[in-house]
Amino acid sequence: MKYELSRFVAAATLALGLHGPGIAQQTAPAGEASTLFQNVRVFDGRSGAVSGPTNVLVKGRTIARISSAPIAVDPNAGTTVIAGNGRTLMPGLIDGHWHAMLVRPTAAAAISGDVGYINLMAGAEATDTLMRGFTTVRDLGGPVFGLKRAIDEGLVVGPRIYPSGAMISITGGHGDFRQPFEVPRVIGGPLTRMEQIGGSMIADSPDEVRVRAREQLLLGASQVKLTAGGGVASPHSPLDVSTFTEAELRAAVEAAENWGTYVTVHAYTPRAIQGAIAAGVKVLEHGHLMDEATARLLAEKGIWLSVQPFLDDEDATPFPPNSSNRARQLEMVQGTDNVYALAKKYKLKTAFGTDVLFSAALATRQGAQLAKLTRWYTPAELLTMATGANGELLRLSGPRNPYPGKLGVVEEGALADLLLVDGNPIENIKLIENPERNFLVIMKDGKIYKNTLPR
Ligand SMILES: [Zn+2]
């Protein structure tokens, strides 16, 4: 019986294509395909400068050799040779705060639209994301596991995705998208629409938080996302509120750490941020309303600040004028200059992300949003943030990292996610605002997805 049952399970597993939790899903093998970038100047994602003339050999999915001396290749090996002519080779960009499922649909469609349609929309957006030179995204909420799998299997062209799955919130918190008629919730009763599709989960006790966190880990989350304070985009959460209790946050932290990974929280205010740090949270998303004491605490504890250049400009998420969302947005963006000033003053570990929501047009400005950091940083600093530093943040997922290997750097042994830029972005950061024209080659996992160099 036991034998037959295990045979049945094995067969069903094969038939359904099921896979164990947290098991790395790799792209279809690139075989021993190889590419030689000749005569490029390398921005390596860590040092602030570009190298002298260099040659870079990619074999399979990793960078095999970097040398200022010529690298010989076997003419029969079918190596693709790219004549760089002194152009810049840099790591693929990483967006540290992305929502692959929520970029293109309107908020209403994301909540109530047809799930098949939303997935196809997200697939199309994923292709565009990669074609903007963003080879990896850290996804901070949304039912993204299917999209990630389709990309990893080569069904859809898109970036690597570090998924959080559903973001976990409380009743009335950021991520509770219910209408007033859906209150009260019957404890143990039917799930809300966003819970059914895996967009967000509502949890109102340590035990509920534990279940919801563990469910996301079961589904393959590389980190667990909770909303520790009010937000801009959701209907019911004033910006000033702190949401979870410390015991609730701690339950999520324990669940994540038992799986070798970490909890990150959405929070803006000192109270929400400090409560999360007290509970063992390792990464803070946003932080725009923080104060000196909170920044000092982040520095002391080595907490990552994953912050976005939110300003009241053309990149702001569109909300109706005079709406509560718009009022909260205006309140929040007033803190943006301050949070970057504190990040610099206290030398916080700082990650770059855009958090684009509900607008295909805004997504096209993903690189332009990075370039906007010149308001606070040098071009070399901001490029290092979106490559090497973001790559370091991704490694916090430990054994739950879906793409083991180094990302965000050009060095021997690192995963081969590379951009060939038509010029030097450290001298002219505007180059990254127009990826269609200026990113001539885009490589992910050793595979060339774009090459517009004349052949
Ligand atoms: Zn977000």
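Computed from a predicted structure; not experimentally measured.

Scoring rules and cut-offs
Residues numbered from 1 in each chain as written. Predicted model: local features only at pLDDT ≥ 70, side-chain atom pairs only at ≥ 80, totals over all residues. Heavy atoms only, no water. Pairing = 2+ DSSP bridges. Helix = DSSP H or I, 4+ residues; strand = E, 2+ residues; numbered from the N terminus. Axes fitted to C-alpha atoms, helices over the stretch in contact; angles between N-to-C directions. Core = buried A, V, L, I, M, F, W, Y, C linked by side-chain atoms within 4.5 Å. Buried < 20%, exposed > 50% of the residue type's maximum accessible area, 1.4 Å probe, protein only. Contact = heavy atoms within 4.5 Å. Arc of directions from axis to C-beta. Parallel < 35°, antiparallel > 145°, perpendicular 65-115°, else oblique. Left-handed = near helix turned anticlockwise from the far one by under 90°. Nonpolar A, V, L, I, M, F, W, Y, C, P; charged D, E, K, R; others polar.

S.K.: Help me get a handle on the sheet that holds strand β8 (residues 160-163), residues and values and all.
M.R.: What the 3 strands build is an open sheet, ordered β6-β7-β8; its pairing is parallel. Taken across any chain shown, the strands that pair with only one partner, and hence form the sheet edges, are β6 (93-98) and β8. Adjacent strand axes in the sheet meet at a mean angle of 15 degrees when their direction is disregarded. Judged from the 4 bridges that link them, strand β7 (residues 134-139) and β8 form a sheet pairing that is parallel. In the strand pairing of β8, D139 is matched with P163.

S.K.: Tell me what's going on with the nonpolar core, and back it up with residues and numbers.
M.R.: Core analysis: the largest hydrophobic core is formed by 62 residues, its most contacted members being L226 and V265. If you tally residues by element for this core, the top one is helix α7 (residues 246-258), at 6 residues. Those residues in contact with L226, other than ones at most four positions away along the chain, are I168, V209, F244, L249, A252, V263, T264, V265 and H266. Of all hydrophobic cores here, the second largest spans 18 residues; its members include V40, I63, V410 and L440.

S.K.: Now, about helix α8 (residues 270-278): what can you tell me, with residues and values included?
M.R.: Within α8, burial applies to A272, I273, A276 and I277. Buried residues of α8, seen end-on, are gathered within an arc of 130 degrees and therefore sit on one face of the element. In this structure, the buried residues of α8 make contact with α7, β12 (263-267), β13 (283-286) and α9 (292-301). One or two steps after α8, the chain reaches G280, where phi turns positive at roughly 100 degrees.

S.K.: Describe in detail the packing of α7 against α8, supporting the description with residues and values.
M.R.: The angle between the axes and the distance between the axes are what describe a pair of packed helices. Two elements in contact, α7 and α8, have axes whose closest approach is 8 Å; the angle formed by their N-to-C orientations is 50 degrees. Overall, the two elements α7 and α8 adopt an arrangement that is oblique. Considering only the axes of α7 and α8, their crossing is right-handed. Residues E246, L249 and R250 of α7 form the contact with α8, whose own contacting residues are G275, A276 and A278. Class assignment of the residues belonging to the contact of α7 with α8 gives a composition of 3 nonpolar, 1 polar and 2 charged.

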